[in-house]
4 protein chains.
Amino acid sequence: MITKKSKWESLQQKINIIIYGTNTPAGRLFDLVLLGVILLSVILVMLETVQSLDAKYHNQIIILEWVITFFFSVEYILRIVSLKKPWKYIFSFYGIIDLIAVLPMYLSLFLTGTSVLTIVRAFRLIRLFKILNHPQFTGQSIHLIDALIASRGRIFVFIYFVLISTVFIGSMMYVIEGPENGFTSIPTSIYWTIVTLTTVGYGDISPGTPLGQFLASFVMILGYGIIAVPTGIITSEIALNSKKEEQKPKQHPCSNCGVEGHQNNASYCYNCGSELNDE
Amino acid sequence: MITKKSKWESLQQKINIIIYGTNTPAGRLFDLVLLGVILLSVILVMLETVQSLDAKYHNQIIILEWVITFFFSVEYILRIVSLKKPWKYIFSFYGIIDLIAVLPMYLSLFLTGTSVLTIVRAFRLIRLFKILNHPQFTGQSIHLIDALIASRGRIFVFIYFVLISTVFIGSMMYVIEGPENGFTSIPTSIYWTIVTLTTVGYGDISPGTPLGQFLASFVMILGYGIIAVPTGIITSEIALNSKKEEQKPKQHPCSNCGVEGHQNNASYCYNCGSELNDE
Amino acid sequence: MITKKSKWESLQQKINIIIYGTNTPAGRLFDLVLLGVILLSVILVMLETVQSLDAKYHNQIIILEWVITFFFSVEYILRIVSLKKPWKYIFSFYGIIDLIAVLPMYLSLFLTGTSVLTIVRAFRLIRLFKILNHPQFTGQSIHLIDALIASRGRIFVFIYFVLISTVFIGSMMYVIEGPENGFTSIPTSIYWTIVTLTTVGYGDISPGTPLGQFLASFVMILGYGIIAVPTGIITSEIALNSKKEEQKPKQHPCSNCGVEGHQNNASYCYNCGSELNDE
Amino acid sequence: MITKKSKWESLQQKINIIIYGTNTPAGRLFDLVLLGVILLSVILVMLETVQSLDAKYHNQIIILEWVITFFFSVEYILRIVSLKKPWKYIFSFYGIIDLIAVLPMYLSLFLTGTSVLTIVRAFRLIRLFKILNHPQFTGQSIHLIDALIASRGRIFVFIYFVLISTVFIGSMMYVIEGPENGFTSIPTSIYWTIVTLTTVGYGDISPGTPLGQFLASFVMILGYGIIAVPTGIITSEIALNSKKEEQKPKQHPCSNCGVEGHQNNASYCYNCGSELNDE
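Residues numbered from 1 in each chain as written. Chains lettered and ligands numbered in written order. Predicted model: local features only at pLDDT ≥ 70, side-chain atom pairs only at ≥ 80, totals over all residues. Heavy atoms only, no water.

**Re the side chain of serine 82 of chain A**
Residues and elements named next belong to chain A.
Now for step 1: Mapping serine 82 onto the fold places it in the loop between helix H3 (51-81) and helix H4 (86-90).
Now for step 2: On the accessibility criterion, serine 82 (4% relative accessible area) is buried.
Now for step 3: Not counting the four nearest positions on each side in its chain, serine 82 is found in contact with Gln12, Ile15, Asn16 and Tyr20. (Helix = DSSP H or I, 4+ residues; strand = E, 2+ residues; numbered from the N terminus. Buried < 20%, exposed > 50% of the residue type's maximum accessible area, 1.4 Å probe, protein only. Contact = heavy atoms within 4.5 Å.)

**Some points on the relation of the copies chain D and chain C**
Now for step 1: Once turned by 90° and shifted 0.0 Å along the axis, chain D lies on chain C with an RMSD of 0.1 Å. Seen this way, the second copy is the image of the first under a four-fold rotation axis.
Now for step 2: The two copies present different faces, since only 19% of the interface residues in chain D are matched by interface residues at the equivalent positions in chain C. (Least-squares fit on C-alpha atoms with pLDDT ≥ 70 in both.)

**Overview of the relation of the copies chain A and chain B**
Now for step 1: Rotating chain A by 90° and moving it 0.0 Å along the rotation axis overlays it on chain B with an RMSD of 0.1 Å.
Now for step 2: When you check the interface residues of chain A against chain B, a mere 18% turn up at the interface there too, and the two sides of the contact use different surfaces.

**Comments concerning the pattern of salt bridges**
Residues and elements named next belong to chain A.
Now for step 1: The final tally for this structure, using the stated rule, is eight salt bridges over all chains.
Now for step 2: Close ionic contact of aspartate 98 with arginine 79 constitutes a salt bridge, the shortest N to O distance being 3.8 Å. One end of the pair, aspartate 98, is in helix H5 (residues 93-110); the other, arginine 79, is in helix H3, and 19 residues separate them in sequence.
Now for step 3: On the basis of relative accessibility, which here comes to 5%, the residue arginine 79 falls in the buried class. (Salt bridge = Lys/Arg side-chain N within 4 Å of Asp/Glu carboxyl O.)

**Re the packing of helix H2 (residues 25-48) of chain B against helix H3 (residues 51-81) of chain B**
When two helices pack together, you describe them by how their axes are tilted relative to each other and by the distance separating the axes.
All names here are of chain B.
Now for step 1: Where H2 contacts H3, the two axes come as close as 10 Å, and the packing angle between them is 145°. As H2 runs across H3, the sense of the crossing is left-handed. Between H2 and H3, the residues in contact are Phe30, Val33, Leu34, Val37, Ile38, Leu40, Ser41, Leu44, Leu47 and Glu48 and Leu53, Asp54, Ile61, Leu64, Glu65, Ile68, Phe71, Phe72, Glu75 and Arg79, respectively.
Now for step 2: Considering only residue class, the contact of H2 with H3 consists of 14 nonpolar, one polar and five charged. (Axes fitted to C-alpha atoms, helices over the stretch in contact; angles between N-to-C directions. Left-handed = near helix turned anticlockwise from the far one by under 90°. Nonpolar A, V, L, I, M, F, W, Y, C, P; charged D, E, K, R; others polar.)

**Focus on the environment of glutamate 48 of chain A**
Now for step 1: Along the chain, glutamate 48 of chain A turns up in helix H2 (residues 25-48).
Now for step 2: Overall, glutamate 48 of chain A belongs to the buried group, its relative accessible area being 17%.

**Quick notes on the interface of chain D and chain C**
Now for step 1: In this assembly, 43 residues from chain D lie in contact with 44 residues from chain C.
Now for step 2: Both sides of the chain D and chain C interface together cover about 3900 Å² of buried area, and 76% of this is carbon and sulfur.
Now for step 3: Across the chain D-chain C interface, the total number found is four residue pairs in polar contact (both at pLDDT 80 or more).
Now for step 4: Mapped onto the side of chain D that touches chain C, the elements with two or more residues apiece are helix H2 (25-48), helix H7 (135-150), helix H8 (152-177), helix H9 (186-197), helix H10 (210-226) and helix H11 (228-247) of chain D.
Now for step 5: It is H11 of chain D that contributes the most residues to the side of chain D that touches chain C, nine residues altogether.
Now for step 6: Looking at the side of chain D that touches chain C residue by residue, the class counts come to 29 nonpolar, eleven polar and three charged. (Buried area = accessible area lost by both parts, 1.4 Å probe. Polar contact = N/O pair within 3.5 Å; in protein donor to acceptor, adjacent residues only side chain to side chain.)

**Considerations on helix H3 (residues 51-81) of chain C**
In an α-helix, one full turn covers 3.6 residues, which means residues spaced three or four apart are oriented alike.
Now for step 1: At tyrosine 57 of chain C, H3 of chain C shows its largest kink, close to 85°.
Now for step 2: Residues Asp54, Ile61, Glu65, Ile68, Thr69, Phe72, Ser73, Glu75, Tyr76 and Arg79 of chain C constitute the buried set of H3 of chain C. (Bend = angle between axes of the 7 residues up to and from the residue.)

**Considering the packing of aromatic side chains**
Aromatic rings in a pair are described by how distant their centres are and how their planes are angled relative to each other.
Now for step 1: In total, this model carries 29 aromatic pairs over all chains according to the counting rule given.
Now for step 2: Between phenylalanine 93 of chain D and tyrosine 94 of chain D the ring centres are 5.3 Å apart and the planes differ by 70°, which places this aromatic pair in the edge-to-face class.
Now for step 3: Taken together, the aromatic side chains of Phe183 and Trp192 of chain A together with Tyr202 of chain B make up a single cluster linked through ring pairs. (Phe/Tyr/Trp six-rings, centres within 6.5 Å; stacked < 30°, edge-to-face > 60°.)

**Considerations on the interface of chain A and chain B**
Interface size, as often reported, equals the accessible area lost upon joining of the parts.
Now for step 1: Every contact between the two is made by 44 residues of chain A and, on the other side, 43 residues of chain B.
Now for step 2: Approximately 3900 Å² of surface area, both sides summed, lies buried where chain A meets chain B, with 76% of it carried by carbon and sulfur atoms.
Now for step 3: Our count for the contact surface shared by chain A and chain B stands at zero salt bridges.
Now for step 4: Our count for the chain A to chain B interface comes out at four residue pairs in polar contact (both at pLDDT 80 or more).
Now for step 5: At the level of elements, helix H8 (152-177), helix H9 (186-197), helix H10 (210-226) and helix H11 (228-247) of chain A are the ones that each hand at least two residues to the side of chain A that touches chain B.
Now for step 6: The biggest single contributor to the side of chain A that touches chain B is H8 of chain A, with twelve residues.
Now for step 7: Each residue belonging to the side of chain A that touches chain B can be placed in one class, and the counts come to 26 nonpolar, 15 polar and three charged.

**Describing the UniProt feature "transmembrane region" (unreviewed entry) in chain A**
Residues and elements named next belong to chain A.
Now for step 1: Residues given the UniProt feature "transmembrane region" (unreviewed entry) here are residues 32-50, 62-81, 93-120, 155-176 and 214-240.
Now for step 2: A distance of 28 Å separates the end C-alpha atoms of residues 32-50, which is 89% helix and 0% strand.
Now for step 3: Each end of residues 155-176 is marked by a C-alpha atom, and these two atoms are 31 Å apart; helix forms 100% of the span and strand 0%. (UniProt positions renumbered as here; feature names shortened; annotations may be inferred.)

**A word on H5 of chain A**
Now for step 1: The end-to-end C-alpha distance of H5 of chain A, which contains 18 residues, comes to 26 Å, matching closely the 26 Å that a straight helix rising 1.5 Å per residue would cover.
Now for step 2: Considering bend angle alone, the principal kink of H5 of chain A is centred on leucine 103 of chain A and spans about 35°; proline proline 104 of chain A follows within four residues of it. (Expected span 1.5 Å × (residues − 1).)

**Some details on the confidence of the model for chain A**
Now for step 1: Predicted confidence across chain A gives a mean pLDDT of 79, with 80% of residues reaching 70 or more.
Now for step 2: The complex prediction reports pTM at 0.81, with the ipTM value standing at 0.79. (pLDDT = per-residue confidence, 0-100.)

**Observations concerning a nonpolar patch on the surface**
Now for step 1: Nonpolar side chains collect at one region of the surface, where Leu99, Leu103, Tyr106, Leu107, Leu109, Phe110 and Leu111 of chain A lie side by side and expose about 660 Å² of accessible area between them.
Now for step 2: The topology assignment puts leucine 107 of chain A in helix H5. (Patch = residues over 30% accessible without salt bridge, like charges linked within 9 Å, V, L, I, M, F, W, Y side chains within 5 Å. Areas by Shrake-Rupley, 256 points an atom, 1.4 Å probe, with all protein chains shown as cover.)

**Some remarks on the environment of methionine 105 of chain C**
Now for step 1: Inspection of the secondary structure assignment puts methionine 105 of chain C in helix H5 (residues 93-110).
Now for step 2: Distance in space between the C-alpha atoms of methionine 105 of chain C and aspartate 146 of chain C is 39 Å, their sequence separation being 41 residues.

Here it is as structure tokens:
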């Protein structure tokens, strides 16, 4: 009774479990291998831009790059083949990223001077963000993102205030210091103000006049002080989240008797004593 | 019965709603257009100071500047006209800022060498702070400002202590390093101390003697440590505020039955079940 | 019956109230004038080190300096005269500081090449710390100092760990980078490590080899991370203090009926209703 | 009945108490002397690398180094001798470190050009970490380490996110700025990104193009903002720990009546009134 079609479907399902699953040994191995190849490909792109290494190992790098491109191509095709609604994947964010990871090498066959294409391969990096969707990290990621979202209003007000201050201080420094001390234009002065306010302080531009140094000192102390504001916002948000999480009772009802409202640190149902399976 | 005067009053009221209102579509559109024009004018002032751009597009920038000045002039007149007590606006903080936004271009007709006037136009930027008075952000702004005000005593003590330390360390570095290592005077040494203590570290001045480097290391670790103090002050204040806000019951009584003391997250009156209109 | 001695005692008491008191108008005025003169004297010492100003106004600065020294001398004598146990003051910390503030100018009459004496005058600055003993700030200062003392154990462990890491990383960078990249000795490498770990980053020394830059990147991320530790320690301490202060009942019993344990925000005695006088 | 063997055992025990004990005066003295010698040896290694000092005091440094090596050798042998199971110590972490502290000088007799061996002596520093195991600091250390371990999940997600962003921004800056502005390769660009994101800002590499400066400004504000995340994580964790510690009742039951659950700040048993011995 096993027709050709159902054989195909069974194969499709097997591939799907390996590629998209995270529970079977084969699925985990595939994830690990993929992670390794992505890291290797990103490191390759980096090393290629180092003149001394590229001059020495140019051919080896090209060959490795083609091997990786072949691996990614097969993976891309398998991903499409193993899905019942491939179009949804193809036009998804990660679908497009996966395609971008493969294209540059093929295009380099037809085009010359493809230094930009070389860099496009760095986009493969984005695939590494997928790991944060892994169940092991989702909780932690969501926790942090929640804290950021909850405080987005105050953060917006803070950044808005900082940006306007930046433009204002930059304009003043342009008038005080002028082009002869490196403040060649207001945008450059604003760049200096951001470099100073964030306490980065390259020193490529630094005030030369006493008045400029006085204003710069003021900007630094201001920057030193206002770094406390985003920290305060995020910290109090995270602390609030942590407390809520601790206080909230276990979500899942007991699988044996169905009673809900277990304490957060409970391992056994308080009603029937059967073990509670978390997550 | 509609006399000429009442016609005028009706017009005055219409303009007032458009300019000062934030609830009607026309009022919102005006706010958005104004925001855009202010941003454009600030960007223009910036670009004008970039030599290469100014050389190329000088005439276009001048024309655009006049268009913006005309727009601001009309807006300024309408603001005065639409108010019943215009003097209160004219001598208010934002009234003076609005006038300063308009004046420079007119004065530039009579004066030459008005590079300072060019910069005065950057004051238009201050008009952008008005947005923080928008109901959507008021809550967040007040929240942050409250936290700063509540901790002003400790912040004053902290800044006072930092400033005196700065002068003291600056004097010591002047004696240790001296003019031959760039510490030309005590004010310059103090400037260096602030650059170091706030972890900006330009590198325009840096200690050259072993003793100076030792003291500098001490200053850095001190600066690294005391950044924790303002952060601690602000964070604990914001955290306290957040908790209070969460605990305090809804301010407004139910508009239907007048019962007060609703929970913070309540959407319906607990007494009569009618919807609570927040804010 | 008013003998000469009691006249003297009465004068002594009057001077004492003006100099040491903070409650009478005369006492407050004296405090303000003294604050102003101290600030002026500190600014004078600073300006004297600025070559261009000293060349121009040398005589004026010297005259002003003598006026200030005379004022401080009179103040010092009055402080001793107005006390019943002058020796206790003379050998106290601030007594010695007050003497140091006066001595340099008199010594400069007998000694030449007194550049060090010039700087000693900067010690007058320390007198400004007295302000923090003012009742208005004592609460705030104690609050901050308490938080620091309470967390001294953890801060010691943290600094100890940072210092050892600093020496260790410094030694490694000395081996990796060597004298040819500016890491001339282990102490210099340790100086660089502190400059980097505290995110100051002068750029007077920066790694040149790929391995050195890799280790430097690691140090920076480490420094970025561990800045969170002192902040966390101090913040949680301040937050704890704030909470305790809020929860602790009024210290002073009611002056009318003697009942204790009033709520922190109470203005009237809960037992007899008479006003509570705080502080 | 005191045989030779038991005499040996008695001596072994005495040495053990001096070397490993912290309660007897002799044990404490030994700890202090050892601490001093370790510090001296580390300072010696440092000073040896300073050219001017090494040229002047080469012989004195060598002699002192041999004295220290002899002291460490004796200590190492005594440690082994005084234990009943010496192998456990010899192959423990600190046992290997203790051996490494001694070896280099002996090896320098047979080998020449032992600059690396010189540095290996810096490993003696690690012995200083032992102090953190001292009962006085254990509580504090554990407290901090607990906070770090409890938040390891979020910290991993954070560092992972920062590292990927770093590679991504580095690649973009390499394309925008290119080798002519110092961004010679992607690894170098990543190094610059870390220098900027952590607000270190050496200034050895800094963006030269307007677009590069704009992206750099964005990176700085990002770095300024995300420093709040690890601080928030650690702070909320430490605050949580502090609270738990405060709330948790005394661990030890009353030594008189055996009743448990005393309040944290209790000095006397609430049941029988006998003093509670803490620790």
